[in-house]
Amino acid sequence: MTDSVDVLVIGAGIHGAGIAQAAAAAGHSVLVLEQSAIAAGSSSRSSKLIHGGLRYLESGQVRLVRESLHERALMLRLAPELVRLQKFHIPVYRLTRRRPWQLRIGLSLYALLAGLDHSAHFGTVPRSQWDALDGLDTHELEQVFWYHDAQTDDALLTAAVVRSAQALGATLAMPARFLGARLEAAAVQVRYLQDEREHECRARVLVNAAGPWAGALARTITPAVAVPALQLVQGTHIMIDYQPQAGFYYLESPRDGRAIFVMPWKGHTLVGTTEVRYRGDPADVQPAAHEVHYLEGVLHHYFPRWRGHASPALLGSFAGLRVLPGGEGHAFHRSRETMLSTDRARQPRLLSVYGGKLTTWRAVAGRALQLLAASLPRRPAIARTDQLMLA
Ligand SMILES: Cc1cc2nc3c(=O)[nH]c(=O)nc-3n(C[C@H](O)[C@H](O)[C@H](O)COP(=O)(O)OP(=O)(O)OC[C@H]3O[C@@H](n4cnc5c(N)ncnc54)[C@H](O)[C@@H]3O)c2cc1C
């Protein structure tokens, strides 16, 4: 295994994969360490949406929504087999908190930020067609909006980005577990475990893309580096044995107003997610019984007839961890921007990725490379990531 590289990346989730691809495309030598499997962490447990995030407009995250919609358009072009545009429905009842006029403003802004192309169209479903909405409860239903967003297979997308990085010359060591790193004047000495043997590698820069492990991992680096206040928030999905025919549904939980998605997925339905503070080891995250009940409750509230429809059974559930900035208040209102943190402003040796979205992986990788540019030698670029097809 190489004992000296330009960029050493910890983690083959979507961010590690994206940064490896961007660094290799810029002509750098790259080694990725992954402790278990590609997309073993949050990148296989997401809602699988490549989306602008309509609800983030409510918390004023306009920059994030604009960037996400730009990346959505790019992914639809670069990964047509992996990312597909889908029709979403938003039902509005007499007691729904978000009123039709608010949704109309939100969807108009969303369309504007998406550049007003065909993917930005939205409208309402005529009352005469409500019966075709998979048994959606129509009692006190006032309006049903439709718009478009995209769905992917998060694990397959991550694997495609890893393959793209490898095709550009990056090396993947897997399973290989990062053990520790020492920051030197202009390099990093890294220790990792592979084949039950400890290895050393010298890197010009180290990228900590360890997802929910990233905070704890940064604290093992010597000399100590600043780590921002972070919170791990668990999100659970359930899988139901029935596939909606009309598309996706974006619902408001009747209990607390949170956004819940009902999504066709491989012949079944995913319903998610919850947001519950998590304090344990990221490797042990599991859906809790109360989260499964909560999601079943939302589904049965909106689709009372769905339940009787071939009695769809609960097939399973899975949980993943979001990394959010620490703070008070509900996780729902916390920023979903990716935090990129370096050990020093000039010539950083370490860059840590905290939080973020599946959707913005390529843009985040580009920003990471810019932050690291002063620490890396100039090399002839071999590709542009906005032109690399993914399959
Ligand atoms: C419930 C939920 C739903 C979501 N839905 C969406 C969505 O619909 N759309 C969207 O855009 N975003 C969504 N997100 C956000 C998105 O999933 C994450 O931002 C993204 O997957 C994080 O990727 P990552 O590469 O940072 O981390 P991860 O995917 O967790 O990757 C980190 C990797 O590092 C490895 N690692 C850790 N420690 C070590 C070590 N010591 N040595 C070697 N390797 C190590 C792990 O094994 C893991 O593979 C969702 C997140 C959650 C939790």
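In the block above lies the structure referred to throughout.
## Observations regarding the pairing of strand β13 (residues 259–265)
Regular strands show a simple pattern: their side chains alternate between the two faces of the sheet.
Turning to step 1, where the next piece is worked out: In terms of burial, β13 is a largely internal element, 7 of the 7 residues being buried.
Turning to step 2, where the next piece is worked out: A two-sided burial pattern is seen for β13, the buried positions comprising A259, F261, M263 and W265 on one face and I260, V262 and P264 on the other.
Turning to step 3, where the next piece is worked out: With 4 bridges connecting them, strand β12 (residues 248–252) and β13 associate as antiparallel partners. Bridged to Y249 within β13 is V262.
Turning to step 4, where the next piece is worked out: The antiparallel pairing of β12 with β13 creates a hairpin that spans 6 residues between the two strands, and G257 there sits at a positive phi of about 80°.
Turning to step 5, where the next piece is worked out: The pairing of β13 with strand β14 (residues 268–272) spans 5 bridges and is classified as antiparallel. Counted as the bridge partner of M263 is L270 from β14.
Turning to step 6, where the next piece is worked out: From the end of β13 to the start of β14, which pair antiparallel, there are 2 residues, and K266 there has a positive phi angle of about 50°.

## Things to note about helix α8 (residues 361–372)
Turning to step 1, where the next piece is worked out: Under the 1.5 Å per step criterion, the end-to-end length of α8 is 16 Å for 12 residues, consistent within 8% with the ideal 16 Å.
Turning to step 2, where the next piece is worked out: For α8, the set of buried residues is W361, R362, A363, V364, A365, A368, L369 and L372.
Turning to step 3, where the next piece is worked out: As for α8, its buried residues are in contact with α1 (14–25), α2 (62–78), α4 (154–167), β10 (197–208), β17 (339–342) and β18 (350–354).

## Topic: the packing of aromatic side chains
Turning to step 1, where the next piece is worked out: Taken as a whole and judged by the stated rule, the model has 7 aromatic pairs.
Turning to step 2, where the next piece is worked out: With a centroid separation of 5.9 Å and an interplanar angle of 80°, the aromatic rings of Y110 and Y147 are classed as edge-to-face. Residue Y110 is located in helix α3 (residues 100–113), and its partner Y147 is located in strand β6 (residues 141–152); the two are separated by 37 residues in the primary sequence. No difference in accessibility class separates Y110 from Y147, as the two residues are buried.
Turning to step 3, where the next piece is worked out: Each ring, one from Y249 and one from F303, has its centre 5.0 Å from the other, and the planes form 80°; the classification is edge-to-face.

Conventions and cut-offs
- Residues numbered from 1 in each chain as written.
- Predicted model: local features only at pLDDT ≥ 70, side-chain atom pairs only at ≥ 80, totals over all residues.
- Heavy atoms only, no water.
- Buried < 20%, exposed > 50% of the residue type's maximum accessible area, 1.4 Å probe, protein only.
- Helix = DSSP H or I, 4+ residues; strand = E, 2+ residues; numbered from the N terminus.
- Pairing = 2+ DSSP bridges.
- Expected span 1.5 Å × (residues − 1).
- Contact = heavy atoms within 4.5 Å.
- Phe/Tyr/Trp six-rings, centres within 6.5 Å; stacked < 30°, edge-to-face > 60°.

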